[in-house]
Each structure stands twice: as structure tokens, then as C-alpha cells.
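Remarks on the overall topology
So you can see what is in the structure, the chains are spelled out below.
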Amino acid sequence: MTGTDAVDETTSQTPDGTAAEAPIETPLAERVEAVLLIVDEPIALVALAAAVHAPVPAVRQVLEALVDDYDGSGHGPRRGFELREVGGGWRLYVREDHDDLVADFIGGQAPARLSQAALETLAVIAYKQPVTRGQVASIRAVNVDSVVRTLLARGLITELFADSETGAINYGTTDQLLQHLGINSIDELPPISPLLDDGAEGFEEGVMR
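These lines cover the structure that appears in this document, whether it is placed above or below.

Overall, antiparallel pairing links the three strands, which are arranged 3-5-4 in an open sheet. The strands lining the two open edges of the sheet, one partner per strand, are strand 3 (43–44) and strand 4 (81–86). In terms of strand pairing, strand 4 meets strand 5 (residues 89–94) through six bridges, oriented antiparallel. Bridge assignment links E82 to a residue of strand 5, and that residue is Y93. On top of the sheet, helix 1 (residues 28–38) reaches strand 3, strand 4 and strand 5; it is set at about 70 degrees to strand 5, its chief contact. Set on the sheet, helix 3 (residues 56–70) makes contact with strand 4 and strand 5; between it and strand 4 the angle comes to about 140 degrees.

What follows concerns the sheet that holds strand 7 (residues 157–162). Spatially, the three strands line up as an open sheet ordered 6-8-7, and their pairing is antiparallel. Strands with a single pairing partner mark the edges of an open sheet, and in this sheet they are strand 6 (131–132) and strand 7.

A few words now on the environment of I192. Within the secondary structure, I192 sits in the loop between helix 8 (175–181) and helix 9 (200–205). Note: C-alpha distance between I192 and A123 (69 residues apart in sequence) is 9.6 Å.

To continue, consider the side chain of R133. Along the polypeptide, R133 turns up in helix 6 (residues 133–140). In this structure, R133 is in contact with D40, E41, V144, D145, V148, I169 and Y171, ignoring residues within four places of it in sequence.

Looking now at the pattern of salt bridges. As enumerated under the stated definition, the model contains eight salt bridges in all. The closest approach of N and O atoms between D71 and R95, which form a salt bridge, is 2.7 Å. Within this pair, whereas D71 is found in the loop between helix 3 and strand 4, its partner R95 is found in the loop between strand 5 and helix 4 (99–109), the two being separated by 24 residues in sequence. When its relative accessible area of 5% is taken as the criterion, R95 is described as buried. Across the pair R78 and D97 runs a salt bridge, and its minimum N-O distance is 2.9 Å. Here R78, found in the loop between helix 3 and strand 4, pairs with D97, found in the loop between strand 5 and helix 4; they are 19 residues apart in sequence, far enough to count as distant. Residue D97 is classed as exposed on the basis of its relative accessible area of 56%.

The next subject is the nonpolar core. If you look at soluble globular proteins, the nonpolar side chains tend to sit buried side by side. Residues V32, L36, L48, V52, V59, L63 and L83 are the most contacted members of the largest nonpolar core, which totals 19 residues. Elements with a contribution of two residues or more to this core: helix 1, helix 2 (45–52) and helix 3. No other element matches helix 3, which puts six residues into this core. Discounting residues that sit within four places of it in the chain, L63 has contacts with V32, L36, L45, L48, L83 and W90. Counting residues in each nonpolar core, the second largest holds 16 residues, with L122, V131, V136 and V144 among its members.

By the element assignment, F81 lies in strand 4. Taking relative accessible area as the criterion, F81 reaches 31% and is therefore assigned partly exposed. Linking F81 and H98, residues 17 residues apart in sequence, is a C-alpha distance of 8.7 Å. For F81, the contacting residues outside a window of four places in its chain are Y70, L92, Y93, V94 and R95.

Our focus in this paragraph is the packing of helix 5 (residues 116–128) against helix 7 (residues 145–153). Across the interface, helix 5 lies against helix 7 with an axial gap of 10 Å and an inter-helix angle of 75 degrees. The orientation of helix 5 with respect to helix 7, classified from their angle, is roughly perpendicular. Contacts between helix 5 and helix 7 pair A117, A118, T121, L122 and I125 from the former with V147, V148 and L151 from the latter. Tallied by class, residues from the contact of helix 5 with helix 7 come to seven nonpolar, one polar and no charged.

Conventions used here
- Residues numbered from 1 in each chain as written.
- Predicted model: local features only at pLDDT ≥ 70, side-chain atom pairs only at ≥ 80, totals over all residues.
- Heavy atoms only, no water.
- Pairing = 2+ DSSP bridges.
- Helix = DSSP H or I, 4+ residues; strand = E, 2+ residues; numbered from the N terminus.
- Contact = heavy atoms within 4.5 Å.
- Axes fitted to C-alpha atoms, helices over the stretch in contact; angles between N-to-C directions.
- Salt bridge = Lys/Arg side-chain N within 4 Å of Asp/Glu carboxyl O.
- Buried < 20%, exposed > 50% of the residue type's maximum accessible area, 1.4 Å probe, protein only.
- Core = buried A, V, L, I, M, F, W, Y, C linked by side-chain atoms within 4.5 Å.
- Parallel < 35°, antiparallel > 145°, perpendicular 65-115°, else oblique.
- Nonpolar A, V, L, I, M, F, W, Y, C, P; charged D, E, K, R; others polar.

If you want it as C-alpha cells, here you go:
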């Protein structure tokens, strides 16, 4: 081929014979941020690397760079959120400095009444705590991601701890719920068995082990 016939290595041929630009790969940092933005629980390094199709060492390096960037260690300002490694996984969190601000904002936006789905999910968490979102979903036989976010936003449940092996967040109820119910302790909740029919045993068996 002569110089005039050659096609640049970054291009390819379209059906009509013209040169087409080759796809440009999205920067790794952007792909990592995109995944971190949507996860509800800490994502393990290996799982994150698989999600963004990149080697684990490269992803770890990006995570460390993002931590410094969000903390304002570089040339940019400190952000209102931070990237933390919790329970063997990584997740974005609102900085503690802004917890009250965000809670007030979400509280002002929240509806006055909880949906039936939210009430049922809250009941499962109240009686089975500490309990993971997956365990709640198993008991209710439906996806509870959005409902759990609603309950967190309303301040009725909280993240207690992350499982040391799986990184799954365990949830429990808050003092705010006790105030709404007019009780001093979760132990004052009525026994659940008399409120259930033959499905009482299923309540226990529905918990993932």
C-alpha cells in the first residue's frame, strides 16, 4: 500500500470504504466512579475490577487516587462526599460534617406516610435485626432496595455493621422509630407469633443462612 492508500491504525473501514474512527475507551477512573455511584453496599475490589474490566492493581491505584482527590489532597477542593473502604469493600459516603444537612433535606422531602411495602420491610428489620438487605428480600420475596433507601432516608433504620466476610450491610432500627412507636426499647414490641397464621414458621425459614 502507498501512503495515500493506508488507513490510520486508529481507524477502520466502513461498508462504503471510508475511514471510521475506532471506539475510544472510557478512562478507568470514570468507569470506577460510575459503578461506585450506584452501589448500595460496599463493593469488593475484585468485584469492582471485574465490573470495569480492568486489572485489580490498576483499580486499586485508581481508588487511592480518587480518595486523595475527594479529600482535596491534590489541586482540587475537598468534596462533600468521600470514598471509604468498609467491610472489605468500597463505597461513596456523605462526609460526616454534612450528615445533619442531608438528613434535614431528605426529611423535608420525604412523604408523610410510609407505603405498605415500607411498613412490611420495617417490620421485618425490627423483628429480625441485625439483618441484611438480602435476608429481608428473601423473607418478603421481593426486591427491597428502594424501600430500604426510603427507610434510611426517613431515619427509621440505620446501618449497624458490615459482614466481615461478604461485606453485606446489616441493618437495625433507630431511636427515632422507638419515639414514633412510643416505646423505650425494641424489646417492647409485641410478640410476632400471635400476629401470624400458619406462615409463622416461614418467617424464620425465610432468613438466608
